[in-house]
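Structure at a glance
The primary structure of each chain is shown beneath.
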Amino acid sequence: MTKNYNADSITVLEGLEPVRTRPGMYIGGVGQKGLNHLVYEIVDNAVDEHLAGFCKNIYVTLEADGSCTVKDDGRGLPVDLHKKGVSAERVIMSTLHAGGKFDGQVYKTSGGLHGVGSSVVNALSKRMTVKVSRDGAVHYDEYSKGKPVAKLEKGLLPVIGKTKSTGTEINFLPDDSIFEKTVFKEEWIKSRLHETAYLNPELTIYYEDKRKGSEESIVYHEPEGIKAYIGELTKGRGKITEPIWFKDVMENTEVEVCFQFVDAFEENLHGFCNNIFTQEGGTHIVGFKSKFTQLINSYARQLGILKDKDENFTGADTRNGMTCVVAVKYPDPIFEGQTKTKLASAEAGKIVSAVTGEKLEYFFDRNVDVIKAIIGCAEKSAKIRKQEEKAKTNMLSKSKFSFDSNGKLIACSSKDPEKCEIFIVEGNSAGGSAGNGRDNRYQAILPIRGKILNVEKASIDKVLANAEIKTMINTFGCGFSEGYGNDFDISKLKYNKIILMTDADVDGSHIDTLLLTFFYRFMPELIYNGHVYVSMPPLYLVTPKSKRGEARYLYDDRELARYTKDHNPSGFDLKRFKGLGEMDASELWETTMNPENRVLKRVEIEDARLASEVTEMLMGSDVAPRRSFIYEHADEAELDL
Ligand code: 28F
């Protein structure tokens, strides 16, 4: 049973000011991602109350006024007097890192970015109201930009009503002086809520969007838990096995795994720790993978499928075609990595490995046909791997794969990777003017002819045979990883920025998409580490008829609309740029390449799972939505100041 918290069990640090001056430190960024993080933060607290065993329902509402309301039916935040002489609720909401100490039983969804708590959301909200139902009364508090507004009576919250229920309700309106975008992106929020429901089978989450034009309400309740999640992830694929599921608790750590083999040439493995999607993996994933590989190899030998002289299947062989969720509930986890989503707690890995061994041996001993089907997948993938290794070695050995860029690269003079940037330019004409307009000390140009290969479906030897792909691999210098060998080494990357500079039309966005798919599939770390950018050439040039005014470049239709609102249409000439080739070298430099005033959008794939769906979508039939997707989901503009 969880120890009963009350006011004096809260350790507090002072002040919310740092959150408003450096919000990126606390929620990762003030773009779309940071905005959505506010919702996750509050929802996570309600989920913690569920994990503690007291909350069954959570209500998430995107209000018509742009605010968000989250409500749960847990015990209700403590409101009694804290030793600081004010209500515990106010201490929790208005000081950083306020929170209970970990007593081992409570699985907090906190750790790194995740556990900053509701006080950060409060600091970054223009308005926040808190209603706590407990002890028969509804207690009310209100804040503006983190500063308390409601008057306390002898340190206690005003009571605004009577109630028989218990729970916490928080409404917050993001502060538009901090966030550039204050419109929540519902697909990310819905995906996260659905994922949370899969991970917590006894929880029901009621989602409602009341905003004009996107009204909808959905109930997320997945009593089948991650078995249903696997069913969702393998929808429409040819099934090789049924979902295989097991769950156990060992040393106060809950391990739950579900996987299924499908007839596809890919591995799809998601890890979670205390409901946090561990995008960068960690010990729980390593523990599962190593045990699974060991088991498949030992069964393959026991069944005489692998002979003594045969080498073992590699890990990747045994997981080819596997879609899997590994979810652990581990008290006081340690997270590491670029986005604090890599579980570092070694103990967790050991426990996952032990539970996996015990449960799968029990299952495979009683389902020989299933283990045989799984081994069959491993055999198929080992055969293809060996063929590809052969193809790759003779490809590498042939001088064709020499380390030049087939003479197409317009190199820069500096060799300092930190300073150098490379523009991938569509077509030779634009390449020409980019070559003349650039700063040749730090800016290299790689013109690519027409469409590059669609790597989404192609096999590795076809990919390596493609001239454009080969040129890029050679030019970047960091190799690539195609899933088996990991020959990618980001420390060898020769450029700090890889900038896609294509026409702002359908063809250009198709090229962007093909390039992004190539990077995502073969050099994902380039994206994770923020090296990939999309340039934003101007769409229009407005030249006032009267000599007094000066010509101006406009970068999108919104700027044009604003310009035409402030200037009468007959007073200026409007030129629409159809492609980069229409700009001469100095225009291209001034508007799109000069770090002083260019606008670059950093490509950042927040969630590998969604990204792979996105790559599917991006590789779909119609091209149009691609450019909008790339710009809509890229992070805020990287202004080189
Ligand atoms: C709308 C978002 O935040 N729900 C929450 C609780 C309940 C307790 C609690 C929360 C004490 C010191 C950590 C109540 N009674 N929904 C929410 N429900 N926090 S947040 O306690 C805070 C702890 O800091 C609670 C007894 N124990 C805990």
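For every chain, the first residue of its written sequence is number 1, and the numbers climb from 1 along that sequence. Totals for whole chains, interfaces and linings use all residues, but because this is a predicted model, local features are given only for residues with pLDDT of at least 70 and pairs of side-chain atoms are given and counted only at 80 or more. Calculation of side-chain values draws on the structure's entire complement of heavy atoms; hydrogens and water are dropped beforehand.

With respect to the overall build of the protein chain
- Strands here mean DSSP runs of E at least two residues long; helices mean DSSP runs of H or I at least four residues long; both are numbered from the N terminus. Along the backbone of the protein chain there are 20 helices and 27 strands.
- Note on contacts: a residue pair qualifies if any of its non-hydrogen atoms lie within 4.5 Å across the two residues. Relative to all contacts within the protein chain whose residues are 6 or more apart in sequence, the contacts with residues 24 or more apart total 71%.
- Here the Shrake-Rupley method, with its probe set to 1.4 Å, supplies the accessible areas, and only the displayed protein chains count as covering residues. Of the roughly 28,300 Å² that the protein chain leaves accessible, carbon and sulfur atoms contribute 53%.

Observations concerning the nonpolar core
- Residues enter a nonpolar core if they are buried and are Ala, Val, Leu, Ile, Met, Phe, Trp, Tyr or Cys, with the set joined through side-chain atoms within 4.5 Å. The buried label goes to any residue with under 20% of its type's maximum accessible area, the exposed label to any with over 50%, and the partly exposed label to all in between, with areas taken from a 1.4 Å probe on protein chains only. Core analysis: the biggest nonpolar cluster contains 47 residues, and Ile58, Met128 and Phe172 have the highest contact counts within it.
- The dominant element in this core, judged by the number of residues it contributes, is helix H3 (residues 32–51), at nine residues.
- Residues within four places of Phe172 in sequence aside, it is in contact with Leu38, Val39, Ile42, Ser67, Cys68, Val121, Ser125, Arg127, Met128 and Phe184.
- Counting residues in hydrophobic clusters, the runner-up holds 37 residues, among them Ile285, Phe335, Val370 and Ala382.

Focus on the packing of helix H6 (residues 186–199) against helix H7 (residues 226–233)
- Relative orientation of the contacting elements H6 and H7 amounts to 135 degrees, with a least axis distance of 7 Å. One finds that H6 runs oblique with respect to H7. Where H6 approaches H7, its residues Glu195, Tyr198 and Leu199 are matched on the opposing element by Ile226, Ala228, Tyr229 and Glu232.
- Partitioning the contact of H6 with H7 into residue classes produces five nonpolar, no polar and two charged. The axes are straight lines fitted to the C-alpha atoms, using for helices just the contacting stretch, and the angles between their N-to-C directions are given from 0 to 180°. Here the angle decides the label: under 35 degrees means roughly parallel, over 145 means roughly antiparallel, 65 to 115 means roughly perpendicular, and every other value means oblique. Note that Gly is not counted as nonpolar here; it falls among the polar residues with everything else outside the nonpolar set of Ala, Val, Leu, Ile, Met, Phe, Trp, Tyr, Cys and Pro and the charged set of Asp, Glu, Lys and Arg.

Some details on the packing of helix H14 (residues 467–476) against helix H15 (residues 506–522)
- H15 packs onto H14 with a crossing angle of 55 degrees between their chain directions and a minimal axis gap of 12 Å. What the angle tells us is that H14 and H15 run oblique. Crossing hand, H14 versus H15: right-handed. Taken together, the residues of H15 that come into contact with H14 (itself represented by Ile469, Met472, Ile473 and Phe476) are Leu515, Phe518 and Phe519.
- Grouping the amino acids of the contact of H14 with H15 by side-chain chemistry returns seven nonpolar, no polar and no charged. With the far helix as reference, a near helix turned anticlockwise by less than a right angle produces a left-handed crossing, and one turned clockwise produces a right-handed crossing.

Points about H6
- Spanning 14 residues, H6 covers 20 Å between terminal C-alpha atoms, matching the ideal 20 Å at 1.5 Å per step.
- Burial runs high along H6: 10 of the 14 residues are buried. The span you would expect from a helix comes to 1.5 Å times its residue count less one.

Quick word on the sheet that holds strand E12 (residues 244–250)
- Taken together, five strands build an open sheet; the order of strands is E12-E13-E16-E14-E15 and the sheet is mixed. The open sheet has two edge strands, E12 and strand E15 (276–277), and neither has a second partner.
- Along the sheet face, helix H10 (residues 346–366) touches E12, strand E13 (253–261) and strand E16 (322–329) and points at about 135 degrees away from the line of E12. Any two strands with at least two DSSP bridges between them are considered paired.

Structural notes on the environment of Lys329
- Take Lys329: it is sitting in strand E16.
- Linking Lys329 and Thr253, residues 76 residues apart in sequence, is a C-alpha distance of 5.7 Å.
- Of the polar contacts made by the side chain of Lys329, one reaches the backbone oxygen of Leu199; its length is 3.4 Å. Polar contacts, as used here, are pairs of N or O atoms within 3.5 Å; protein pairs need one atom able to donate a hydrogen and one able to accept it. Residues neighboring in sequence count only if both atoms are side-chain atoms.

Regarding the pairing of strand E22 (residues 532–535)
- Going residue by residue along E22, you find Val532 and Val534 tucked away on one face and Tyr533 and Ser535 tucked away on the opposite face as well.
- Pairing analysis gives three bridges linking strand E21 (residues 497–501) to E22, with the strands arranged parallel. Directly across from Ile498, in E22, lies its bridge partner Val532.
- In terms of strand pairing, E22 meets strand E26 (residues 599–602) through three bridges, oriented antiparallel. Considered in E26, the bridge of Ser535 is made with Leu600.

Side note on the side chain of Arg90
- Examined against the element boundaries, Arg90 turns out to sit in helix H4 (residues 88–94).
- Residues in contact with Arg90, not counting those within four places in the same chain, are Asp141, Tyr143, Pro148, Val149, Ala150 and Leu152.

A few points about the packing of aromatic side chains
- When the centres of two rings from Phe, Tyr and Trp lie within 6.5 Å, Trp using its six-membered ring, the rings pair. Their planes under 30 degrees apart give stacked, over 60 give edge-to-face, and anything left gives tilted. Scanning all chains against the criterion turns up 18 aromatic pairs.
- Consider the rings of Phe259 and Phe292, whose centres lie 5.4 Å apart with planes at 75 degrees: the pair is edge-to-face. With Phe259 in strand E13 and Phe292 in helix H8 (residues 283–302), the pair connects residues that are 33 residues apart, well separated along the chain.
- Residue classification places Phe259 among the buried residues on the basis of a relative accessible area of 0%.
- Their ring planes at 40 degrees and their centres at 5.5 Å tell us that Phe272 and Phe277 sit as a pair that is tilted. Judged on exposure class, the residue Phe272 and its partner Phe277 are both buried.
- One aromatic cluster in this structure is built from Phe476, Phe480, Phe518, Phe519 and Phe522.
- Look at NZ for Lys and CZ for Arg. If either is within 6 Å of the ring centre and within 35 degrees of the ring normal, a charge sits over the ring. Directly above the aromatic system of Phe54 lies the positively charged group of Arg75, at a separation of 3.9 Å from the ring centroid.
- Its guanidinium or amino end placed over the ring of Trp245, Lys227 lies 4.4 Å from that ring's centre, counting from NZ or CZ.

So, the sheet that holds strand E24 (residues 552–554)
- Judged by pairing direction, the sheet is antiparallel, and its three strands sit side by side in the order E24-E23-E25 without closing on themselves. Each edge of the sheet is formed by a strand with only one pairing partner; in this case those strands are E24 and strand E25 (572–576). Here the average twist between neighbouring strands, direction ignored, is 25 degrees.
- Pairing geometry for strand E23 (residues 540–544) and E25, over five bridges, is antiparallel. Looking at the pairing, Pro544 lines up with Phe572 of E25.

So, the side chain of Thr356
- If you trace the backbone, Thr356 turns up in helix H10.
- By relative accessible area, Thr356 is classed as buried at 0%.
- Apart from residues no more than four positions distant in its own chain, Thr356 is found in contact with Phe246, Phe288, Lys291, Leu295 and Glu361.

So, unusual backbone geometry
- The backbone of Asp135 shows a phi angle near 55 degrees, a positive value even though the residue is not glycine.
- Along the chain, Asp135 falls in the loop between strand E5 (125–134) and strand E6 (137–144).
- When its relative accessible area of 65% is taken as the criterion, Asp135 is described as exposed.
- Unlike most non-glycine residues, Asn274 shows phi in positive territory, near 50 degrees.
- Structurally, the position occupied by Asn274 is in the loop between strand E14 (268–273) and E15.

A few points about the environment of Lys372
- Mapping Lys372 onto the fold places it in helix H11 (residues 368–397).
- As for Lys372 and Leu303, which are separated by 69 residues in sequence, their C-alpha atoms are 8.5 Å apart.

Observations concerning the pattern of salt bridges
- The rule for a salt bridge is simple: a side-chain nitrogen of Lys or Arg has to be within 4 Å of a carboxyl oxygen of Asp or Glu. A complete count under the given rule lists 27 salt bridges for this structure.
- A salt bridge links Glu347 to Lys350; the nearest nitrogen and oxygen atoms lie 3.7 Å apart. Residue Glu347 and its partner Lys350 are located together in helix H10, separated by three residues, close to a single helical turn.
- The exposure class assigned to Glu347 is partly exposed, which follows from its relative accessible area of 31%.
- With a closest N to O distance of 3.2 Å, Lys492 and Asp489 form a salt bridge.
- Three or more residues joined by partner-sharing salt bridges are found here, namely Glu186, Asp209 and Arg211.

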